[in-house]
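As a plain string of letters, each chain reads:
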Amino acid sequence: MSKYHKLEAKSVQELKDIANRLRVHSITATQTAKSGHPTSCSSMAEIMSVLFFHTMRYKVSAPRDPSSDRFVLSKGHAAPILYAAWAEAGLFPISDLQNLRKFDSDLEGHPTPRLNFVDVGTGSLGQGLSIAAGMAFVGKKYDKASYRVYCLIGDGESAEGSIWEAINFSSYYKLDNLCLIIDVNRLGQSEPAPLAHQLDVYQKRLEAFGWNAIIVDGHSIEELVKGFHVAATTKDKPTALVAKTFKGKNFPNIEDLENWHGKPLGDKADAVVQHLKTLIKNQGPLSIHPQKPLKDDAPQVNISNIKLSSPPNYKLGESIATRQAYGNAIAKVAENNPRVIALDGDMKNSTFSEKIKKVDPNRFVECFIAEQNLVGVAIGAACRDRTVAFVSTFATFLTRAFDQIRMGAISQTNVNFVGSHCGISIGEDGPSQMGLEDLALFRAVPGSTIFYPADAVSVERAVEIAANTKGICFIRTNRPPTNVIYANDQVFEIGKGHILKKSNNDKVLVIGAGVTLQEALIAANDLAKNGVNVRVFDPFTIKPIDKDAIIKHGREVGGRIITVEDHYSEGGIGDAVLSAVAEERDFVVKKLAVTEVPRSGPTAVLLDTYGISSKHVVKAVQEILKL
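Residues numbered from 1 in each chain as written. Predicted model: local features only at pLDDT ≥ 70, side-chain atom pairs only at ≥ 80, totals over all residues. Heavy atoms only, no water.

## Observations regarding the UniProt feature "domain: Transketolase-like pyrimidine-binding" (unreviewed entry) in the protein
Right, on to step 1. The feature "domain: Transketolase-like pyrimidine-binding" (unreviewed entry), as given by UniProt, occupies residues 320-482 in the numbering adopted here.
Right, on to step 2. Between the end C-alpha atoms of residues 320-482 the distance is 6 Å, and the span holds 35% helix and 18% strand. (UniProt positions renumbered as here; feature names shortened; annotations may be inferred. Helix = DSSP H or I, 4+ residues; strand = E, 2+ residues; numbered from the N terminus.)

Given below as structure tokens:
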């Protein structure tokens, strides 16, 4: 460890002064807003002062410079003090802090990337450390750069399991460029946090997970400075500062008292502000300069125009699972761009994400069976456009991480999700393994794009398109093999479907995807033998769905549409189609979907039992023609 140089008394006092100035700003901003969390800000004031005005290296003029240190405020309700720190650093006028929580201000109640100094949205507690771990993983493994990642969490949110998933991940990968700060201020929202001020328990738990854990007085400038120095010089393990703090620190008659969470100080504000001002020795401009020199060693990265290294190469009629074709595709885009990475939750030999390891084993990130952390790490890895991240696992297990996915949308992330083993078609594994809610989940995510490729050709193109698409993408893949129905040179676009079977006297439009599209084609052929022609449509993307094509072809068959999907009835393809034709006259949509919790069994038996096999498509056509 390099030698620690104790701060001069003048510097210590200036950092104390900054901490109290940050407290004042947090109070006045929340007073103006008539809402907010000034006491939660106050407990971390010295931490913010030391980080932003002594320890961290960053450019005020370019907060997201690739070589700068990263800071993730996981306890996002303390946003006012984050804003105050950047204002004191000179990024924007201090007077702007009075716009906190106003509708036309980006200084929202919790941080979002609408602000150029915020990488991710936080506030749904327990997620920040996973994101910080993703950033640190990229910094250590791919960028091989000097920047460090700091994440501040509250003691209350340390009860979240996702925090401990991230702690486990970070120590496993020896992320010594990651520093966690736990603001142990004792008090939660409605009562004391579980461990209160038992700092030794936090320390022992962290050490048991392989961390370097240091107990510090979170209001001592000297202890914080030294703690961050130790963190920066500790190798092969991440460091956590377990900081003993007090909620409402330096707020007379409020400090360390319950029932002050999430409240402006009201009629006590003026007296508290006046008291804080008496603690500030230097009322003038800062002599400490917030901007530390960077080591500009993060490499330039280009993640645009990513292509398959070679086009799809399949034979029409060949039987191959789309999950397997996903593995082929992730390897191909990885060959084309060194910043494509694959993350998985110990399912790599089932999702076929492991195929990327043949291109470069370092670009596969095993996150083990911890899906919330898996998603959080991917969001962190994608920050500042450092990687193109593909997250894969069974589609049903992504439901466990819905909050992380939801927050990913708020964070404007570009993570691509791949859910395999969707629906009852997986067979004997049974309902716990069947993704039957995933389309509904991702359809509800703002700005998401949902691909449901029908065959190997279309899944390769879906991966290629997703790699270049902003926002959250979801690609749904099947466990059982399906026939190749597209030529290798077929062109695919977001929001554009394809007619696979058509005649001049079609009576019904049948819309399916994946396994059920194959069933629809079988049903169409069976119906044609009896003189009934139906049109079969593959939407390719479920969101956005090809509304114009559905309306056009629906009109041409007399407004009769049948949807068939390996998904629960709510929120899937049927509902997407209903939304597409909702404002059209003379349409009727009949939905075939799974309507109850299924059970184990062979694929063919399950498709038939739960009403989505070709036989049931034939029956539905016969019924809709009677209407």
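## Description of the sheet that holds strand E1 (residues 70-73)
Right, on to step 1. Pairing within the open sheet is parallel, and its five strands lie in the order E1-E2-E3-E5-E4. Looking at the sheet topology across the chains shown, the edges are occupied by E1 and strand E4 (212-217). Adjacent strand axes in the sheet meet at a mean angle of 20°, parallel and antiparallel pairs treated alike.
Right, on to step 2. Here four bridges tie E1 to strand E2 (residues 149-154), and the two strands are oriented parallel to one another. Pairing of Phe71 across the sheet is with Tyr150, part of E2.
Right, on to step 3. Those strands touched by helix H5 (residues 128-143) are E1, E2 and strand E3 (178-184), and its axis lies near 170° from that of E2. (Pairing = 2+ DSSP bridges. Axes fitted to C-alpha atoms, helices over the stretch in contact; angles between N-to-C directions. Contact = heavy atoms within 4.5 Å.)

## Points about the packing of H5 against helix H6 (residues 161-172)
Right, on to step 1. Closest axis-to-axis distance for the H5/H6 pair is 8 Å, and the angle between their directions is 20°. As far as their axial angle goes, H6 and H5 are roughly parallel. Relative to H6, the crossing made by H5 is left-handed. Of H6, the residues touching H5 (which contributes Leu129, Ser130, Ala133 and Phe137) are Ser162, Ile163, Ala166, Ile167, Phe169 and Ser170.
Right, on to step 2. Looking at the contact of H5 with H6 residue by residue, the classes come out as seven nonpolar, three polar and no charged. (Parallel < 35°, antiparallel > 145°, perpendicular 65-115°, else oblique. Left-handed = near helix turned anticlockwise from the far one by under 90°. Nonpolar A, V, L, I, M, F, W, Y, C, P; charged D, E, K, R; others polar.)

## Some details on the sheet that holds strand E14 (residues 498-501)
Right, on to step 1. Ordered by their spatial adjacency, five strands build an open sheet running E14-E16-E15-E18-E19, and the pairing between neighbours is mixed. At either end of the open sheet lies a strand with only one pairing partner, and these are E14 and strand E19 (588-594). Across this sheet, the average inter-strand angle for adjacent strands is 25°, counted without regard to direction.
Right, on to step 2. Inspection of the sheet shows strand E18 (residues 560-568) paired to E19 by six bridges, in the parallel sense. Residue pairing for E19: Val564 is matched across the bridge by Leu592.

## Side note on empty space enclosed by the protein
Right, on to step 1. Overall, the coordinates contain four cavities of 30 Å³ or more when judged by the stated rule.
Right, on to step 2. As a volume, the largest cavity reaches approximately 160 Å³.
Right, on to step 3. Phe71, Val72, Phe117, Val118 and Asp119 are the residues nearest the centre of the largest cavity, which is lined by 19 residues in total.
Right, on to step 4. Secondary structure elements with two or more residues in the lining of the largest cavity: E1 and helix H4 (79-89).
Right, on to step 5. Among the residues forming the lining of the largest cavity, the class breakdown is 13 nonpolar, two polar and four charged. (1 Å grid on protein atoms, 1.4 Å probe; cavity = no way out; pocket = protein on both sides within 12 Å on 5 of 7 lines; lining within 4 Å. Points joined across faces, edges and corners; volume = space filled by probe spheres on them.)

## Considerations on the pairing of E2
Right, on to step 1. Counting buried positions along E2 gives six out of six residues, so the element sits mostly inside the fold.
Right, on to step 2. Taking every second residue as pointing to the same face, both faces of E2 are buried, with Val149, Cys151 and Ile153 on one and Tyr150, Leu152 and Gly154 on the other.
Right, on to step 3. Note that the unit made of E2, H6 and E3 has a crossover that is right-handed. (Buried < 20%, exposed > 50% of the residue type's maximum accessible area, 1.4 Å probe, protein only. Right-handed = clockwise from strand over helix to strand, strands pointing away.)

## A closer look at the domain arrangement of the protein
Right, on to step 1. For the protein, the domain assignment lists domain 1 (9-279), domain 2 (318-484) and domain 3 (498-625).
Right, on to step 2. Taken over C-alpha atoms, the centre of domain 1 sits 33 Å from the centre of domain 2.
Right, on to step 3. With 32 residues of domain 1 at the contact, the number on the domain 2 side is 28 residues.
Right, on to step 4. The three residues of domain 1 that bury the most area against domain 2 are Gln127, Tyr142 and Glu165, which together make up 25% of that side's buried surface.
Right, on to step 5. In this structure, the connection of domain 1 to domain 2 is made through three salt bridges.
Right, on to step 6. Residue Asp119 pairs with Arg384 through a salt bridge whose shortest N-O separation is 2.9 Å.
Right, on to step 7. Secondary structure elements with two or more residues in the side of domain 1 that touches domain 2: H5 and H6.
Right, on to step 8. Of the residues assigned to the side of domain 1 that touches domain 2, the class counts are 14 nonpolar, 10 polar and eight charged. (Domains from an automatic or database assignment. Buried area = accessible area lost by both parts, 1.4 Å probe. Salt bridge = Lys/Arg side-chain N within 4 Å of Asp/Glu carboxyl O.)

## Quick notes on the side chain of Thr449
Right, on to step 1. Mapped onto the fold, Thr449 is located in strand E11 (residues 449-451).
Right, on to step 2. A relative accessible area of 8% means that Thr449 is categorised as buried.
Right, on to step 3. Apart from the residues lying within four places of it in its own chain, the contact partners of Thr449 are Thr469, Ile472, Cys473, Phe474, Ile494, Lys543 and Pro544.

## So, the pattern of salt bridges
Right, on to step 1. If you walk through the whole model with that rule in mind, you get 28 salt bridges.
Right, on to step 2. Among the salt bridges present, the one from Glu366 reaches Lys348, with a minimum N-O distance of 2.8 Å. With a gap of 18 residues between them, Glu366 in strand E8 (residues 364-366) and Lys348 in helix H11 (residues 348-351) connect regions that are remote in the sequence.
Right, on to step 3. Residue Glu366 is classed as buried on the basis of its relative accessible area, which comes to 7%.
Right, on to step 4. Among the salt bridges present, the one from Asp438 reaches Arg476, with a minimum N-O distance of 2.6 Å. You can see Asp438 sitting in helix H14 (residues 438-443) and its partner Arg476 sitting in strand E12 (residues 473-476), a full 38 residues away along the chain.
Right, on to step 5. Classification of Asp438 as buried rests on a relative accessible area of 1%.
Right, on to step 6. Among the charged side chains, a network of salt bridges with common partners joins Asp506, Arg535, Lys552 and Glu556.

## Concerning unusual backbone geometry
Right, on to step 1. Following Lys543, the chain continues into Pro544 via a peptide bond in cis, with omega recorded as -5°.
Right, on to step 2. Along the polypeptide, Pro544 turns up in the loop between strand E17 (541-543) and helix H17 (547-556).
Right, on to step 3. The phi angle at Arg101 is positive, at roughly 70°, despite the residue not being glycine.
Right, on to step 4. Turning to its location among the elements, Arg101 is positioned in the loop between H4 and H5.
Right, on to step 5. Owing to a relative accessible area of 32%, Arg101 belongs among the partly exposed residues under this scheme.
Right, on to step 6. With a phi angle near 55°, Asn305 is a residue other than glycine that sits in the positive phi range.
Right, on to step 7. Looking at the element boundaries, Asn305 is found in the loop between helix H9 (269-279) and strand E6 (319-320).

## A look at the nonpolar core
Right, on to step 1. Leu343 and Phe417 are the most contacted members of the largest nonpolar core, which totals 83 residues.
Right, on to step 2. When residues of this core are assigned to their parent elements, the largest contribution, nine residues, is made by H5.
Right, on to step 3. By size, the runner-up hydrophobic cluster in this structure holds 63 residues, among which are Val333, Leu436, Ala466 and Leu592. (Core = buried A, V, L, I, M, F, W, Y, C linked by side-chain atoms within 4.5 Å.)

## Observations regarding the packing of helix H12 (residues 371-382) against helix H13 (residues 402-410)
Right, on to step 1. Across the interface, H12 lies against H13 with an axial gap of 8 Å and an inter-helix angle of 15°. As the angle between them shows, H12 and H13 are arranged roughly parallel. In the crossing of H12 with H13, the sense of the turn from one axis to the other is right-handed. Of the residues in H13, those in contact with Gln372, Val375 and Ile379 of H12 are Gln404, Ile405 and Gly408.
Right, on to step 2. The class makeup of the residues in the contact of H12 with H13 is three nonpolar, three polar and no charged.

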